[in-house]
Amino acid sequence: INECQSSPCGSNATCHNTEGGFLCVCDKGFVSSTGTASFNTTMNYCKDRDECESSPCGSNETCHNTEGSFHCTFDPGSASRNNTTNHSEDGSGCSSKNETKYPSINEINFAGQMENINNCKDHTDCHQQISKLLQDVKKHVLMLARTLGHEEKQNFSSSLFEVEMQTIHNNKIPEEKNTRLSAGGNSLDISWKSVTRNESFDSASVALISYKNLDSIINGSFHNNQTDPADVVSDIVTLAISNNQSNELLEPVTLTLRNRQQNVNKSQL
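Values in this document were obtained by computation on a predicted structure and should not be read as measured data. (Residues numbered from 1 in each chain as written. Predicted model: local features only at pLDDT ≥ 70, side-chain atom pairs only at ≥ 80, totals over all residues. Heavy atoms only, no water.)

A. Seen up close, the pattern of salt bridges. Tallied over the entire structure, the rule returns three salt bridges. Between D136 and K139 there is a salt bridge; the shortest N-O distance is 3.8 Å. One end of the pair, D136, and the other, K139, are both in helix 2 (residues 123-145), three residues apart, so they sit about a helical turn from each other. The class for K139 is partly exposed, based on a relative accessible area of 48%. A salt bridge links R180 to D189, with the nearest nitrogen and oxygen atoms 2.8 Å apart. A relative accessible area of 47% means that R180 is categorised as partly exposed. We classify D189 as partly exposed; its relative accessible area is 24%. (Salt bridge = Lys/Arg side-chain N within 4 Å of Asp/Glu carboxyl O. Helix = DSSP H or I, 4+ residues; strand = E, 2+ residues; numbered from the N terminus. Buried < 20%, exposed > 50% of the residue type's maximum accessible area, 1.4 Å probe, protein only.)

Put into structure tokens, the structure is as follows:
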């Protein structure tokens, strides 16, 4: 009898049929409810393992646990010992800097999340993993944006995405009531009123994030589940604002997407 057919392991685990039983092996980044990597009883399940408990990051770095993974960011005012702001592969870690240095977007390592997306099990799992990535990127982009000076605008690029962000401080709304952000050929026009929601603030940030490869991953996911799918012909973009307690904006925003023109074979028309 193949006990795995009844899905005894639950989510975040792989079932292996054995003679007279079964074995559940938790996915990478997860452990069983009893703290082991595997189990063979329906009384157990796989839960997220807090990798930060093992202190995987260097000094002057902060570990951020995510579901099934983790990533490290440099603390404000820190940089790697080779005087760059990137994580070092040789484990040199971070050292204290006298001056505040703007962190590079590459300081946030989303390799764990991308590995989960590339190894997702099915259509539903792929979209869940992508949603987790989008939320995690937004959260930590806003964390970086808070290090900017008043009205300062910064653009960062990595292999995963490009982002432009801007921050204002101390309840000071710029004379120019609106701001425009551009990333990856896409642009956003938004009012500071929508960012701050007319509330007092120490800092208020907005960011436009344009992903470089997620459209091809999403297209592949759709193609596996539709007989006549429509391709995504623009970048995947997200808007991040520091005051996100409400899903409603006080004023409309203008989002202009770069259209990736598709080459059409006229003989097929």
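B. Spotlight on the environment of C9. Along the chain, C9 falls in the segment before strand 1 (13-18). The exposure class assigned to C9 is buried, which follows from its relative accessible area of 5%. Once the C-alpha coordinates of C9 and M43 are considered, the two residues, 34 residues apart in sequence, prove to be 9.3 Å apart. When neighbours within four sequence positions are excluded, C9 is seen to be in contact with T14, C15, C24 and F39. (Contact = heavy atoms within 4.5 Å.)

C. The arrangement of the nonpolar core in detail. Counting residues in each nonpolar core, the largest one holds 22 residues, and the members touching the most others are F161 and Y211. Looking at this core, the elements with two or more residues in it are helix 1 (111-118), helix 2, strand 11 (161-169), strand 14 (203-211) and strand 15 (236-241). Per element, the largest residue contribution to this core is seven residues, and it comes from helix 2. Y211 has contacts with L133, L134, V137, L160, F161, D235, I236 and T238, leaving out every residue within four places of it along the chain. Within the second largest apolar cluster, 13 residues are counted, among which are A183, A204, V206 and I241. (Core = buried A, V, L, I, M, F, W, Y, C linked by side-chain atoms within 4.5 Å.)

D. Expanded view of the sheet that holds strand 4 (residues 38-39). The antiparallel open sheet is built from three strands, whose spatial order is 1-2-4. At either margin of the open sheet sits one strand with a lone partner, and together these are strand 1 and strand 4. Pairing analysis gives two bridges linking strand 2 (residues 21-26) to strand 4, with the strands arranged antiparallel. Bridge pairing in strand 4 links V25 to S38. (Pairing = 2+ DSSP bridges.)

E. Highlighting the state of the cysteines. Applying the stated criterion to the full structure yields three disulfides. Residue C4 pairs covalently with C15 via a disulfide, S to S 2.0 Å. Torsion about the S-S bond of the C4 and C15 cystine: about -80°, corresponding to left-handed handedness. You can see C4 sitting in the segment before strand 1 and its partner C15 sitting in strand 1, a full eleven residues away along the chain. Residue C4 is classed as buried on the basis of its relative accessible area, which comes to 18%. A relative accessible area of 24% means that C15 is categorised as partly exposed. The disulfide partner of C9 is C24, and the gap between their sulfur atoms is 2.0 Å. On the S-S bond that ties C9 to C24, the torsion sits near -85°, and the link is left-handed. Separated by 15 residues along the polypeptide, C9 in the segment before strand 1 and C24 in strand 2 bring together distant segments of the chain. The exposure classification of C9 matches that of C24, with both residues buried. (Disulfide = S-S within 2.5 Å.)

F. Here's a closer look at the UniProt feature "domain: EGF-like" (unreviewed entry) in the protein chain. According to UniProt, the "domain: EGF-like" (unreviewed entry) feature falls on residues 1-36 and 48-84. Here residues 1-36 is 0% helix and 42% strand, with 25 Å between the C-alpha atoms at its ends. (UniProt positions renumbered as here; feature names shortened; annotations may be inferred.)

G. Here's a closer look at the pairing of strand 11. Of all nine residues in strand 11, eight are buried; the element is thus mostly enclosed. Across five bridges, strand 10 (residues 153-157) lies against strand 11 in antiparallel orientation. Residue pairing in the sheet places K153 in a bridge with Q166 of strand 11. Where strand 10 hands over to strand 11, the hairpin turn is made up of three residues, counted between the paired strands.

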